[in-house]
Amino acid sequence: MHVMTQMQQSFSMELPSLVPLQLPSRMETHLWYVLPNEVKSTSLLKQFYQLLSPPEKDKVLQMRGDDLKKNALLARTLVRTTIARYQKNHAVDPRTLMFKKNMYGKPEVDWQNYKNCNNPPLHFNISHTDSLIACGVTVHVPVGIDVEDKERKIKHDVLAFAERFYSPDEVKFLSTIPDAEVQRKEFIKLWTLKEAYVKALGKGFSAAPFNTFTIQSKAGTQGGYNLCKTSEMSVNSLEKTKKCLCNEEWKFALLELADSHYAAICIEDDQDSGGAPMKVIVRKTIPFVEDELISENKFL
Amino acid sequence: MTTTFISSISMQARVSASTTRFSLKKHVSIFNNGKTNNLSFSLQCSMPARLAVSCAAKQETMEKVSEIVKKQLSLPDDQKVTAGTKFTELGADSLDTVEIVMGLEEEFGITMAEERAKEIATVQQAAELIEELVLEKTA
């Protein structure tokens, strides 16, 4: 009885209005992140909970442990409030946003409620770790992001892991790194780049098994990455060889967030971009409370 | 404190009726060398009689899976894990899931195709795939 009263009281709390945002331009990604440790207010969390749809609330409750529940709550809140702000002139009510999944399970905005409005062709993707929740937003082009704690320890041998799941060229690259700590970090960076690509593709895991493509640094550039897809080619009737074919359709960026995480972003390349590096605007946020533009960004 | 709010919404979840996810639930208490195992598995024994033997084997498989999952996610031994527990509910991300798969492959001497491995979401699904691959191996 007491708990129900608490919930009903929350309904009568006024939700502050969200500050509207300008859309990203073409070939630009907006990256938003929340640090769960910075969100301590119980009343604020209650307000966040009220924004969620019933299925989203269920999912939050199913998480095992208070920290996991809180992070699940923050993740949905970040998605709803961020997208709600990118509407012309004024933010829409984040509670009214609806989401659906594409046929492979990738979440997207369902604009059916807004048939008469000029809906921006927004794309988004989220990723989270224990200590950071991120949401990437683009217009016109699909986006995938992945974040990992820089200090994340891999429980298996890094090379054994790579041999099992990564491409041969990536294994070669990792095996040439003499220092184990540097090797672990490069492994994690590669993981985030590969995950970001698969998520940007949005066709599920089987569309791009990790060992069928290679991501490597572009020589002579800072922050540029190449994607190569391995395909089998017949050399003659007896021999087959694997060839790595460069793929120009996707752009990558890898950066450090909050000094603690690697964040990889992958977007579909607009052929008009002329090979220019991805522009990324990074902002740390607490929904309804504050935004902080991160002007100095460390691209890797 | 934030924990009170989270705890209060958890309490509400327990008060309201929860939807049953599995049909044909049978609760079986598992005894292991005389001591009560603190894992309880609801067995879905909905398969034909000739495969009933593999139903019993699944308990052992599920226990091993559970052990490997807890180790990967650094969960305490007394963390309650059931057949239907989703790895994501325990806090596993995609990297954890892949490491869990590696752990399972090592433990059972099998290889899981990446597409199938990434589809495993619960302890039960992992156990079923393992049983299938072990059967194929010994066939």
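Thresholds applied
Residues numbered from 1 in each chain as written. Chains lettered and ligands numbered in written order. Predicted model: local features only at pLDDT ≥ 70, side-chain atom pairs only at ≥ 80, totals over all residues. Heavy atoms only, no water. UniProt positions renumbered as here; feature names shortened; annotations may be inferred. Helix = DSSP H or I, 4+ residues; strand = E, 2+ residues; numbered from the N terminus. Contact = heavy atoms within 4.5 Å. Buried < 20%, exposed > 50% of the residue type's maximum accessible area, 1.4 Å probe, protein only. Salt bridge = Lys/Arg side-chain N within 4 Å of Asp/Glu carboxyl O. Phe/Tyr/Trp six-rings, centres within 6.5 Å; stacked < 30°, edge-to-face > 60°. Lys NZ or Arg CZ within 6 Å of the ring centre and 35° of its normal. Axes fitted to C-alpha atoms, helices over the stretch in contact; angles between N-to-C directions. Parallel < 35°, antiparallel > 145°, perpendicular 65-115°, else oblique. Left-handed = near helix turned anticlockwise from the far one by under 90°. Nonpolar A, V, L, I, M, F, W, Y, C, P; charged D, E, K, R; others polar. Pairing = 2+ DSSP bridges.

Chain B is annotated in an unreviewed UniProt entry as Acyl carrier protein of Cardamine amara subsp. amara. Recorded under Function (unreviewed entry), the UniProt text for chain B is reproduced unchanged: "Carrier of the growing fatty acid chain in fatty acid biosynthesis."

Per an unreviewed UniProt entry, chain A goes by holo-[acyl-carrier-protein] synthase and derives from Cardamine amara subsp. amara.

A. Structural view of the overall build of chain A. Helix and strand counts for chain A stand at 7 helices and 14 strands. Look at the contacts in chain A between residues 6 or more apart in sequence, and 59% of them connect residues 24 or more apart.

B. Spotlight on unusual backbone geometry. All names here are of chain A. Residues other than glycine seldom take positive phi values, yet A258 does so here, at roughly 50 degrees. Turning to its location among the elements, A258 is positioned in the loop between β10 (250-257) and β11 (261-268). When its relative accessible area of 35% is taken as the criterion, A258 is described as partly exposed. Here F288, not a glycine, exhibits a phi torsion of approximately 75 degrees, which is positive. Turning to its location among the elements, F288 is positioned in the loop between β12 (279-286) and β13 (290-294).

C. Layout of the pattern of salt bridges. Counted under the stated rule, the structure contains 25 salt bridges over all chains. A cluster of three or more residues bridged by salt bridges with shared partners is formed by E151, K153, E181, R184 and K185 of chain A.

D. Up close: the packing of aromatic side chains. Residues and elements named next belong to chain A. On inspection of all chains with the given rule, the structure shows 13 aromatic pairs over all chains. With a centroid separation of 4.9 Å and 75 degrees between ring planes, the pair formed by F161 and F187 is classed as edge-to-face. Of the two residues, F161 sits in helix α5 (residues 158-165) while F187 sits in helix α7 (residues 180-201), which places them 26 residues apart along the sequence. Each of the two residues, F161 as well as F187, counts as buried. Each residue in the set F161, F165, Y166, F187, W191, Y197, F210, F213, W250 and F252 is aromatic and connected to the rest through ring pairs, giving one cluster. One cation-aromatic arrangement involves R76 over F99; the distance from NZ or CZ to the ring centre is 4.9 Å. Its end group placed over the ring of Y166, K194 keeps NZ or CZ at 5.3 Å from the ring centre.

E. How the structure looks around the environment of M102 of chain B. Note on placement: M102 of chain B falls in helix α3 (residues 94-108). For M102 of chain B, a relative accessible area of 6% puts it in the buried group. Apart from the residues lying within four places of it in its own chain, the contact partners of M102 of chain B are H156, A160, F161 and F165 of chain A.

F. Main features of the packing of helix α3 (residues 54-62) of chain A against helix α4 (residues 66-85) of chain A. Residue and element names in this part refer to chain A. Orientation of α3 relative to α4, taken along the N-to-C sense of each, is 150 degrees, at an axis distance of 7 Å. The orientation of α3 relative to α4 falls into the category roughly antiparallel. For the pair α3 and α4, the crossing hand works out as right-handed. Here E56, V60 and L61 of α3 come into contact with α4, specifically with K69, A72, L73, R76 and R80. Tallied by class, the residues present in the contact of α3 with α4 amount to 4 nonpolar, no polar and 4 charged.

G. Expanded view of the UniProt feature "domain: Carrier" (unreviewed entry) in chain B. UniProt's feature table lists "domain: Carrier" (unreviewed entry) at residues 59-134 of chain B, given in the numbering used throughout. Overall, residues 59-134 of chain B shows 62% helix and 0% strand. The separation of its end C-alpha atoms is 15 Å.

H. Region of the structure containing the sheet that holds β12 of chain A. Residues and elements named next belong to chain A. Pairing in this open sheet of 5 strands is mixed, and the strands run β4-β5-β1-β12-β13 from one edge to the other. Single-partner strands in this sheet number two, and they are β4 (122-128) and β13. Between one strand and the next, the sheet's axes are offset by a mean angle of 25 degrees, whatever the strand orientation. Judged from the 6 bridges that link them, strand β1 (residues 28-34) and β12 form a sheet pairing that is parallel. If you follow T29 over to β12, its bridge partner there is V280.

I. Local environment of the packing of α5 of chain A against α7 of chain A. Residue and element names in this part refer to chain A. Two elements in contact, α5 and α7, have axes whose closest approach is 10 Å; the angle formed by their N-to-C orientations is 30 degrees. By the angle class used here, α5 and α7 are roughly parallel. You can see that α5 and α7 cross each other, and the crossing is left-handed. In this structure, α5 uses V158, L159, F161 and A162 to contact α7, whose residues at the interface are Q183, R184, F187 and W191. Taken together, the residues of the contact of α5 with α7 break down into 6 nonpolar, 1 polar and 1 charged.

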